[in-house]
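# Summary of the model geometry
Okay, here's what each chain looks like letter by letter:
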Amino acid sequence: GAGVSQSPRYKVAKRGQDVALRCDPISGHVSLFWYQQALGQGPEFLTYFQNEAQLDKSGLPSDRFFAERPEGSVSTLKIQRTQQEDSAVYLCASSWRGQGGYEQYFGPGTRLTVT
Amino acid sequence: GESVGLHLPTLSVQEGDNSIINCAYSNSASDYFIWYKQESGKGPQFIIDIRSNMDKRQGQRVTVLLNKTVKHLSLQIAATQPGDSAVYFCAAEALSGTALIFGKGTTLSVSS
């Protein structure tokens, strides 16, 4: 079946612009995660949704970062007034269970470059 | 805070050799561990996982060993193939019970 998809795959933004990154999880998956991956590093957790509820946003680096999943399926990560340090790959993952201890399936990521 | 680290950033092996990638974690309360493979330009791909009530789990050509006493995790790949060349990450479930905490990754290079 279809895996996690993300769009766009690449995004170039000028410093100060707002961006929106989309994630389509695997159909029926309850949990959805966003991670940020800097070059040469492992992914770092940003936020977690169980259905439409955002249960953990402890990893969001600043109030410029905002995520939503209004209908419990597609999710959007929005970054306002982008800065150069926001340049990274943004990964979305989904899991079929609404609790931990199960594998998370990752999408291909969106590479954001802020110039 | 919670952390996960890898012992070696790079590993080079010959095709057909067995590979061992090591990982250490800081939180003794971690209950779930997972290994991912990431190829260039792609998202992490699930390889194998293990829960804290086990010390070994085997998959196809891969084995994960968990030593809770020293908080150490390893991934063994049997008969390594060129297609195994990638960055390998271990991850531990955070105390929150949802987020995964990743190490920095080991780049495995397989030469034929």
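Let us look at the structure shown here. (Residues numbered from 1 in each chain as written. Chains lettered and ligands numbered in written order. Predicted model: local features only at pLDDT ≥ 70, side-chain atom pairs only at ≥ 80, totals over all residues. Heavy atoms only, no water.)

## Overview of the overall build of chain A
As a reminder, the rule being used: Each helix corresponds to a stretch of at least 4 residues labelled H or I by DSSP, and each strand to a stretch of at least 2 residues labelled E; elements are numbered beginning at the N terminus. Radius of gyration here is computed from C-alpha atoms only, and the compact-globule reference equals 2.2 Å multiplied by the residue count raised to the power 0.38. The classification of residues rests on relative accessible area computed with a 1.4 Å probe and restricted to protein chains. Under 20% of the type maximum is buried, over 50% is exposed, and intermediate values are partly exposed. Working rule for contacts: check all heavy atoms of both residues, and any pair within 4.5 Å makes them a contact. Every accessible area reported is derived by Shrake-Rupley at a probe size of 1.4 Å, with residue values counting cover from the shown protein chains alone. Charge assignment in this entry is limited to Lys and Arg as positive and Asp and Glu as negative, and neither His nor the chain termini are counted. We put the charge of a Lys on NZ, of an Arg on CZ, of an Asp on CG and of a Glu on CD.
Summing up its helical and strand segments, chain A has zero helices and eleven strands in all. Here the C-alpha radius of gyration of chain A, 13 Å, is about what a compact globule of 115 residues would show, namely 13 Å. Summarising its shape, the C-alpha atoms of chain A cover approximately 40 × 25 × 25 Å along the three principal directions. Put simply, chain A has 115 residues, and 46% of those count as buried. Sequence-distant contacts in chain A: of pairs separated by 6 or more residues, those separated by 24 or more amount to 54%. About 5,600 Å² of surface is accessible on chain A, with carbon and sulfur atoms providing 46% of the total. For chain A, the separation between the mean place of its 12 positive charges and that of its 11 negative charges on side chains is 6 Å.

## Notes on the pairing of strand β3 (residues 19-25) of chain B
Residues and elements named next belong to chain B. Where we set the bar: Any two strands with at least two DSSP-identified bridges between them are counted as paired.
Only one face of β3 is buried: it carries S19, I21, C23 and Y25, and the other face, with I20, N22 and A24, is open. Inspection of the sheet shows strand β1 (residues 4-6) paired to β3 by three bridges, in the antiparallel sense. Looking across to β3, one finds that G5 is bridged to A24. Judged from the six bridges that link them, β3 and strand β8 (residues 72-77) form a sheet pairing that is antiparallel. In the sheet register, I20 faces β8, and the bridge partner there is Q76.

## Quick look at the sheet that holds strand β1 (residues 5-7) of chain A
Residues and elements named next belong to chain A. Counted only if it meets this: Helix axes use the C-alpha atoms of the stretch in contact, all axes being lines fitted to C-alpha atoms, and the angles between their N-to-C directions lie in the range 0 to 180 degrees.
One open sheet accounts for four strands, arranged β1-β3-β8-β7; its pairing is antiparallel. The sheet is open, and its two edges are formed by β1 and β7 (65-68), each paired on a single side. Sheet twist, expressed as the mean angle between neighbouring strand axes with direction ignored, is 15°.

## Topic: the interface of chain B and chain A
Frequently, the measure chosen for interface size is the accessible area removed from exposure when the parts meet. Stated precisely, the cut-off is as follows: Accessible area, probed at 1.4 Å, shrinks when two parts are joined; the buried area is that loss added up over both. Any carboxyl oxygen of Asp or Glu within 4 Å of a side-chain nitrogen of Lys or Arg constitutes a salt bridge here. In the analysis that follows, any N or O atom pair within 3.5 Å is treated as a polar contact, provided that within protein one partner can donate a hydrogen and the other can accept it, and provided that, for residues neighboring in sequence, both atoms belong to side chains. Polarity classes work like this: nonpolar for Ala, Val, Leu, Ile, Met, Phe, Trp, Tyr, Cys and Pro, charged for Asp, Glu, Lys and Arg, and polar for all others, with Gly in that last group.
Taken together, the 21 residues of chain B in the interface contact 21 residues of chain A. Taken together, both faces of the contact between chain B and chain A bury some 1,500 Å²; the carbon and sulfur share is 53%. When the buried area of chain B at its contact with chain A is split by residue, P44, T98 and F102 of chain B rank highest and sum to 29% of it. For the pair chain B and chain A, the number of links is zero salt bridges. Between chain B and chain A we count six residue pairs in polar contact (both at pLDDT 80 or more) in total. Of all the elements in the fold, those that place two or more residues in the side of chain B that touches chain A are β4 (32-38), β5 (45-51), β9 (86-93) and β10 (100-102) of chain B. Here the element with the most residues in the side of chain B that touches chain A is β4 of chain B; it accounts for four residues. Looking at the side of chain B that touches chain A residue by residue, the classes come out as nine nonpolar, seven polar and five charged.

## Examining the sheet that holds strand β6 (residues 56-58) of chain B
All names here are of chain B. The sheet built from five strands is open, its strands ordered β1-β3-β8-β7-β6 with antiparallel pairing. With one partner strand each, in any of the chains shown, β1 and β6 form the two edges of the open sheet. Each strand axis lies, on average, 20° off the axis of its neighbour in the sheet, ignoring direction. Direction of pairing for strand β7 (residues 62-67) relative to β8: antiparallel, over a ladder of six bridges. Bridge pairing in β8 links L66 to L73.

## Section: the pairing of β5 of chain B
All names here are of chain B. For β4 and β5, the ladder comprises six bridges, and the chain directions are antiparallel. Considered in β5, the bridge of K37 is made with Q45. In this antiparallel pair of consecutive strands, β4 and β5, the connection spans six residues, and G41 shows a positive phi of 80°.

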